[in-house]
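Understanding the architecture of this molecule
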Amino acid sequence: MNTTELEKTAGQEAPARTRKPQGASTGVQPIVRYEHVSKSFGDLEVLHDINLDIAPGEKVAMIGPSGSGKTTLGRMLMTLEEPSGGMITVDGEPLWHMKSKGRLVKANEAHLHRMRGKIGMVFQHFNLFPHMSVLRNVTIGPRKVLGVSTDEAHERAVTMLGKVGLGDKLDVYPSMLSGGQKQRVAIARALVMSPKIMVFDEVTSALDPELVGEVLEVIKEIASEGEMAMMLITHEMDFARDVADRVIFGAEGHIVEQGPPEQIFENPQSERLQSFLSRFRL
Amino acid sequence: MWNWDYAWSILPDLIAALKTTFWATFGGFIFAAIGGLMLALLGRSPIWIIRAINRLIIEFIRSTPLLVQLFFLYFYILPTMFPTAPTALVSGIIGLGLHYSTYMSEVYRSGIDAVPKGQWEAAKALNFPRSKTWTSIILPQALPPTLPVMGNYLIVIFKETPLLSAITLVEVLTTAKNAISVSYRPFEAYTLVGVIFLIISYMFSLLVRMMEIRLNREQSASSGTDSPSKPQSGGKARLNKEVKQQA
Ligand SMILES: Nc1ncnc2c1ncn2[C@@H]1O[C@H](COP(=O)(O)OP(=O)(O)O)[C@@H](O)[C@H]1O
Ligand SMILES: [Mg+2]
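These notes cover the structure that comes with them. (Residues numbered from 1 in each chain as written. Chains lettered and ligands numbered in written order. Predicted model: local features only at pLDDT ≥ 70, side-chain atom pairs only at ≥ 80, totals over all residues. Heavy atoms only, no water.)

1. Observations concerning the overall build of chain B
Of regular secondary structure, chain B possesses 10 helices and zero strands. Overall, chain B shows an N-to-C arrangement of helices and strands of α-α-α-α-α-α-α-α-α-α. Looking at the 247 residues of chain B, the share that counts as buried comes to 47%. In chain B, the proportion of contacts linking residues at least 24 apart, taken out of those at least 6 apart, comes to 79%. Here chain B displays about 12,700 Å² of accessible surface, and carbon together with sulfur accounts for 71% of that area. (Helix = DSSP H or I, 4+ residues; strand = E, 2+ residues; numbered from the N terminus. Buried < 20%, exposed > 50% of the residue type's maximum accessible area, 1.4 Å probe, protein only. Contact = heavy atoms within 4.5 Å. Areas by Shrake-Rupley, 256 points an atom, 1.4 Å probe, with all protein chains shown as cover.)

2. Describing the overall build of chain A
Helix and strand content of chain A: 10 helices and 12 strands. Expected size for 282 residues packed as a compact globule is a radius of gyration near 19 Å; at 19 Å, chain A falls within 12% of this value. C-alpha extents for chain A along the principal axes are approximately 55 × 50 × 40 Å. Across the 282 residues that make up chain A, the buried fraction comes to 53%. The long-range share in chain A, meaning contacts at least 24 apart out of those at least 6 apart in sequence, stands at 63%. Roughly 12,500 Å² of accessible area belongs to chain A as shown, and the carbon and sulfur atoms make up 49% of that amount. Distance between charge centres in chain A, computed from 32 positive and 37 negative side chains, equals 6 Å. (Rg over C-alpha atoms; globule rule 2.2 N^0.38 Å. Lys, Arg positive; Asp, Glu negative; His and termini not counted. Charge placed at Lys NZ, Arg CZ, Asp CG, Glu CD.)

3. Notes on the site of ligand 1
All names here are of chain A. In the neighbourhood of ligand 1, the contacting residues comprise Phe-41, Val-46, Pro-65, Ser-66, Gly-67, Ser-68, Gly-69, Lys-70, Thr-71 and Thr-72. At 2.6 Å, a backbone N or O of Gly-67 approaches an oxygen atom of ligand 1. Between ligand 1 and the protein, one listed contact pairs an oxygen atom with a side-chain N or O atom of Lys-70 at 2.8 Å. Relative to its unbound accessible surface of 560 Å², ligand 1 loses 60% to contact with the protein. Looking at the shell around ligand 1 residue by residue, the class counts come to three nonpolar, six polar and one charged. (Near = heavy atom within 4 Å. Polar contact = N/O pair within 3.5 Å; in protein donor to acceptor, adjacent residues only side chain to side chain. Nonpolar A, V, L, I, M, F, W, Y, C, P; charged D, E, K, R; others polar.)

4. What about the packing of aromatic side chains?
Counting across every chain of the model gives 18 aromatic pairs over all chains. Plain terms: the ring middles of Phe249(A) and Phe276(A) are 5.2 Å apart, the flat faces sit at 40° to each other, and that makes the pair tilted. Of this pair, Phe249(A) sits in strand β11 (residues 246–251) while Phe276(A) sits in helix α10 (residues 271–278); the two residues are 27 residues apart in sequence, bridging distant segments of the chain. Relative accessible area serves as the criterion here: at 2%, Phe276(A) is assigned to the buried category. These aromatic residues form a ring-pair network of at least three members: Phe22(B), Phe26(B), Phe158(B), Phe197(B) and Phe204(B). Its end group placed over the ring of Phe129(A), Arg189(A) keeps NZ or CZ at 4.5 Å from the ring centre. (Phe/Tyr/Trp six-rings, centres within 6.5 Å; stacked < 30°, edge-to-face > 60°. Lys NZ or Arg CZ within 6 Å of the ring centre and 35° of its normal.)

5. Quick look at helix α3 (residues 66–81) of chain B
Residue and element names in this part refer to chain B. Under the 1.5 Å per step criterion, the end-to-end length of α3 is only 20 Å for 16 residues, more than 12% shorter than the ideal 22 Å. Along its length, α3 reaches its greatest deviation from straightness, about 50°, at Leu-73. Within the span of α3, buried status applies to Leu-66, Gln-69, Leu-70, Leu-73, Tyr-74 and Leu-78. Those residues of α3 that are buried lie in contact with α2 (48–62), α4 (88–113) and α7 (147–160). (Expected span 1.5 Å × (residues − 1). Bend = angle between axes of the 7 residues up to and from the residue.)

6. Focus: the interface of chain A and chain B
Each partner contributes to the interface: chain A provides 27 residues, whereas chain B provides 23 residues. The junction of chain A with chain B conceals about 2,200 Å² of combined surface from both sides, 59% of it contributed by carbon and sulfur atoms. There are one salt bridge connecting chain A and chain B. Between Arg75(A) and Glu121(B) there is a salt bridge, with the nearest N and O atoms lying 2.8 Å from each other. Our enumeration of links across chain A and chain B arrives at six residue pairs in polar contact (both at pLDDT 80 or more). Elements with a minimum of two residues in the side of chain A that touches chain B: α3 (109–116), β8 (119–122), α4 (134–146) and α6 (179–191) of chain A. (Buried area = accessible area lost by both parts, 1.4 Å probe. Salt bridge = Lys/Arg side-chain N within 4 Å of Asp/Glu carboxyl O.)

7. Quick word on a nonpolar patch on the surface
Residue and element names in this part refer to chain B. A contiguous nonpolar surface patch, about 650 Å² in accessible area, is contributed by Leu-42, Ile-47, Trp-48, Ile-49, Ile-50, Ile-53 and Ile-57. With five residues, the single largest contributor to the nonpolar patch is α2. Looking at where Trp-48 falls in the secondary structure, it is placed in helix α2. Among the residues examined, Trp-48 registers a relative accessible area of 58% and is labelled exposed. (Patch = residues over 30% accessible without salt bridge, like charges linked within 9 Å, V, L, I, M, F, W, Y side chains within 5 Å.)

8. Here we look at empty space enclosed by the protein
Residues and elements named next belong to chain A. All told, the structure shown has three cavities of 30 Å³ or more when counted by the stated rule. The space that makes up the largest cavity amounts to roughly 90 Å³. For the lining of the largest cavity, the secondary structure elements donating two or more residues are β2 (44–54), β3 (59–63), α2 (70–77), β11 and β12 (254–259). With three residues, β11 is the single largest residue contributor to the lining of the largest cavity. (1 Å grid on protein atoms, 1.4 Å probe; cavity = no way out; pocket = protein on both sides within 12 Å on 5 of 7 lines; lining within 4 Å. Points joined across faces, edges and corners; volume = space filled by probe spheres on them.)

9. Thoughts on the side chain of Glu58(A)
Topologically, Glu58(A) is positioned in the loop between β2 and β3. Within the local environment of Glu58(A), its side chain forms a polar contact with the side chain of Arg246(A), the two groups lying 2.9 Å apart.

10. Focus: the layout of surface pockets
When its volume is computed, the largest pocket comes out at roughly 540 Å³. Secondary-structure elements contributing two or more residues to the lining of the largest pocket are α3 of chain A together with α5 (117–125) and α6 (130–142) of chain B. Among the elements that take part in the lining of the largest pocket, α5(B) stands out by supplying five residues, more than any other. Along the lines of polarity and charge, the residues of the lining of the largest pocket split into six nonpolar, two polar and nine charged.

11. What about the nonpolar core?
Residue and element names in this part refer to chain A. With 131 residues, the main nonpolar core has Tyr-34, Leu-77, Ile-88, Leu-161 and Ile-187 as its most contacted residues. Residues contacting Ile-187, with those up to four places away along its chain left out, are Val-122, Val-164, Met-198, Phe-200, Val-215, Val-218, Ile-219 and Ile-222. Grouped together as the second largest cluster of nonpolar side chains are 13 residues, Ile-63, Ala-244, Phe-265 and Leu-273 included. (Core = buried A, V, L, I, M, F, W, Y, C linked by side-chain atoms within 4.5 Å.)

12. Some words on the sheet that holds strand β1 (residues 32–41) of chain A
Residues and elements named next belong to chain A. Strand order in the open sheet formed by four strands is β2-β1-β4-β5, and the pairing between neighbours is antiparallel. At either margin of the open sheet sits one strand with a lone partner, and together these are β2 and β5 (93–94). In this sheet, β2 lies alongside β1 in antiparallel orientation, the contact comprising seven bridges. Among the inter-strand pairings, Phe-41 is bridged to a residue of β2, identified as Leu-44. (Pairing = 2+ DSSP bridges.)

In structure tokens:
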């Protein structure tokens, strides 16, 4: 479905999937805010003064050459990598900091644990638990982390696995699945924790080309359901155009250009983006 | 010259003494397995002081002879620590257990290191607390590959039990010595001790080999074509090498 056209013709918001407003430009409190965030590995600064808001439910696609810092940006949100400078705010609360006696200090594990409950991530290499069946991969989070009963966790997992088209693989072990199936299990495993923002880090890059489609379809389906914000790091330009409310182009640790997909893909402003996109056109 | 009649006459006593040897072996092994796991986990503590102390304990125990440790424990530390001094068997189990826990901790460590980093990250992304990450995700993957190496340590500990004769434990070697002190015939007695150890060690090692084969089969079934979790095989090779150095 082409949302842009609908918006144009109807002169109002598309009924099926509304375009989310662009982060900071509205009064809505962003679900994620990066303020002057930088990240260095040793002496090498890989992200420089990043400022970025993601609105609740907004689907943001991150594109850019490899090595530009997209993964690092997502990993800092998932608390896998600590920012070297600046501040990340999730749902109105600092992620890596907390208030203590009126001052902002480095977050402790309890704070990080509470914040992490709002964030989810799907990895390029799936990272499924190989010693657990598909079903247990998905029930273990709700059971061990959310404290949900076994029956309830089972029910939620079955529903979620059905949604990603793996209702018939409950008792199978990950090693018996194709890459596309593994990634769909990983998506179900992350979704069942009901995060408010989910990072998808090049989730199709490790897949055989013929398996990419099934995974992207599942993500599109989830995106169309709405409330969860998504940070979609991807090299699939058609997918980014279809799913994203906003596309961000980054290079060498800077956000170079951002805007609605039609603008980014049809009318790129910067030379860098133009040359980047020309590599995806045949 | 070898005297069959004499050999047969002392064999029942030697075999009876095996019971004590087995107690010492399994007791020491279980102590070492649990102690080793604790040392391995302490070695992963986020608090550096704990890691440093852990390192120090391991280095200290490893670089002093087991025999000296046994003497020290049996004749000095344990009697001063407890109102009634523990028996030679209990002291021996503690001594063997402590000593080998430092080696086992290295085995666990290699097993833990072989779990891919992505597993930790997935656990974090699902918001697993640290303790549950260990119990549900990391250890269930880290421990099975260490089983054959653990089995080899069981054999090593078994072969070390004659040392306990030095702290008066009446195990197989002490029983042989006692027989010799009466008959003055060391040849049969020591030969039998050697043969008994040979047969039992060999049987143990066959069991370990079988376990290893089964594990390899399970492993290749469960890792399949899953590239990200491949490092496991490398970790296992490392594990095996480690025991060889020790055994
Ligand atoms: N753990 C790390 N240690 C050192 N350098 C890293 C680490 N992770 C990423 N980098 C470097 O940071 C830069 C950005 O990497 P990354 O975020 O993975 O980019 P992208 O996902 O856009 O390809 C790269 O130059 C990469 O080599
Ligand atoms: Mg990347």
